[in-house]
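# Fold and contact review
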Amino acid sequence: MHDIRALRADPAAFDADLARRGLEPVAQKLLSWDEERRQAQTALQEKQARRKALAREIGTLKRTGGDSAALEAEGTTLRESMEELERRVTDLEGQTATLLATLPNRLDPTVPDGPDESANVVLHVWGTQPDFAFTARQHFELGEALGQMDFATAGKLSGARFVVLRGALARLARALGQFMLDLHVDHHGYTETQVPVLVNDAAMYGTDKLPKFADQSFRTEDGRWLIPTAEVPLTASVSGDILDGKTLPLRMTALSQCFRSEAGSAGRDVRGMLRQHQFEKVEMVSVTTPEDSDAEHERMTRCAETVLEKLGIPYRRVLLCAGDTGFGAAKTFDLEAWLPGQGAWREISSCSNTRDFQARRMNARFRPQQGEAPVFVHTLNGSGLAVGRTLIAVMENGQNEDGSITVPEVLRPYMGGLERISA
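Residues numbered from 1 in each chain as written. Predicted model: local features only at pLDDT ≥ 70, side-chain atom pairs only at ≥ 80, totals over all residues. Heavy atoms only, no water.

## A closer look at the environment of Gly416
Filter applied, for reference: A helix here means a DSSP run of H or I that spans at least four residues, while a strand means a run of E at least two residues long, and both kinds are numbered starting from the N terminus. The buried label goes to any residue with under 20% of its type's maximum accessible area, the exposed label to any with over 50%, and the partly exposed label to all in between, with areas taken from a 1.4 Å probe on protein chains only.
For Gly416, the location among the structural elements is in the loop between strand E16 (405-406) and strand E17 (420-421). Classification of Gly416 by relative accessible area gives exposed; the value is 64%.

## Focus: helix H7 (residues 167-186)
In plain terms, the rule: A helix is expected to span 1.5 Å multiplied by its residue count minus one.
Taking 1.5 Å of rise per residue, the 20 residues of H7 would be expected to cover 28 Å, and the 28 Å separating its terminal C-alpha atoms lies within 8% of that figure. When H7 is considered as a whole, its buried residues turn out to be Ala168, Leu169, Leu172, Ala173, Ala175, Leu176, Gly177, Phe179, Met180, Leu181, Leu183 and His184.

## With respect to the packing of aromatic side chains
The cut-off we apply is this: We call Phe, Tyr and Trp rings a pair once their centres come within 6.5 Å, taking the six-membered ring for Trp, and we label the pair stacked below 30 degrees between planes, edge-to-face above 60, and tilted otherwise. Note on geometry: a ring has a charge over it if NZ (lysine) or CZ (arginine) is within 6 Å of the ring centre and within 35 degrees of the ring normal.
Enumeration according to the criterion identifies six aromatic pairs in this entry. Pairing Phe213 with Phe327 gives two aromatic rings, centres 6.1 Å apart and planes at 90°, and the pair type is edge-to-face. Highlighted residues: Phe213 in the loop between helix H8 (201-206) and strand E6 (225-226) and Phe327 in the loop between strand E10 (315-319) and strand E11 (331-339), separated in sequence by 114 residues. Given the relative accessible area of 8%, Phe327 is considered buried. What links up through ring pairs into an aromatic cluster is the set Phe213, Phe327 and Phe357. Over the face of the ring belonging to Tyr205 we find Arg361, whose NZ or CZ atom lies 4.3 Å from the ring centre.

## Side note on the nonpolar core
Here is the rule we go by: Nonpolar core, defined: a set of buried Ala, Val, Leu, Ile, Met, Phe, Trp, Tyr and Cys residues in which side-chain atoms within 4.5 Å join the residues together. Pairs of residues are marked as contacts when any of their non-hydrogen atoms sit within 4.5 Å.
Formed by 46 residues in total, the largest nonpolar core has its most connected members in Leu169, Leu172, Leu176, Met180, Leu391 and Ile421. Among the elements of the structure, helix H5 (139-146), H7, strand E9 (278-288), helix H10 (293-311), E11, strand E12 (344-353), strand E15 (378-386) and helix H12 (387-397) are those that each provide at least two residues to this core. Take this core: its biggest share by element is ten residues, from H7. If we skip the residues at most four places from it in the chain, Leu391 touches Leu165, Leu169, Leu172, Ala173, Leu176 and Met273. Membership of the second largest hydrophobic core comes to 15 residues, among which are Val238, Leu248, Val287 and Phe366.

## Brief notes about the sheet that holds strand E13 (residues 365-367)
Selection criterion: What makes two strands pair is DSSP finding at least two bridges between them.
Sheet architecture is open: three strands sit in the order E7-E13-E14, paired in mixed fashion. Because the sheet does not close on itself, it has two edges, and the strands there are strand E7 (242-244) and strand E14 (375-376). Relative to E14, E13 runs antiparallel, the two sharing two bridges. Counted as the bridge partner of Phe366 is Val375 from E14.

## Overview of the pairing of E15
In summary, the side chains of a regular strand alternate between the two faces of the sheet. Of all nine residues that make up E15, nine are buried, and the element is covered over most of its length. Both E9 and E15 contribute to a ladder of seven bridges, which runs antiparallel. Paired with Val287 across the strands is Thr379, a residue of E15. Sheet topology note: the E12/E15 ladder contains three bridges and is antiparallel. Residue Asn353 lies in a different strand from E15, and its bridge partner there is Leu380.

So this is what it looks like as structure tokens:
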């Protein structure tokens, strides 16, 4: 989670990072527990040494017929005090681990200050917003008018925040996922991977989803978790490993179903497909060396941008401020697509560098050279892209006055040559 040695070296900097996220200082508490633990361990080692010496002395007395009662009484007292010290060390380690598990990643110095998304910084804008000669409609208005986007049936089956797609719109969603995978595999150097959508506690904890986001995830009765994103199984696939540095970077991509409870989002985006309990996403994950992770972050973000550019969707890249950067991220670029129906920019991809934050939680390391000590890897993750939100962007940017939707040219081979979706 966090390097306790770095905290000892500069506790003020650690607290300053937390303050940028609006959190209270904890360095002194952690350091006091750490000092008490170290003292207890030192005392335990001294008592262990004394206990070994006692055992030798008692053995000698017994062999020579001497009286060992006093030494045996000392040994009993020593054992009891050692047990107490062991319990205290365990308690302190548990307290420290519990607190550290709730603390977010340390922010990159280039992350701007700010309490929320209002302080995010737009880095660049690509594309031209469509200038319609008619009033643009939102995706659910278009989809329902086409008879191919059905929220009522989904509600009957599953409740709110689900959708049933039919016909050409269902095929368009499938085409988007296939197109994204092909682009990332054939041109961006990612390895296509199929992953489980049910994972255990360790996978969720290692990728910083537990305990922080337990209320935003779905759990099965047998104790497994439905993945909120393929980031979880892709990243956790290297947990506990010591990788050969020559094999890095590892670049993996997967198209998967994703599941989120959307706890705390009541009343937000209740119409349409923007915020659902179940959705598809193409995820990109990189595992790399510390010295290469910043360049990998830029590379990953460009891969996501390329998807939008090939689809002809206007977007902007945004650097998230301290208050809007996610729990596990040191630095995040969001890509926001222009949605004419809403007349707003909406997030469609989030690309984050977690540095060694996840690697420490799941003990994922690499050996730079043969014979050298293992070092924690850096892990990165990004949407390449969220399929449902990309479908929304394609529909709203490609809409025509008669309610039909122009299919982007790059998707037409996946659509059997279909150029326009009509009722």
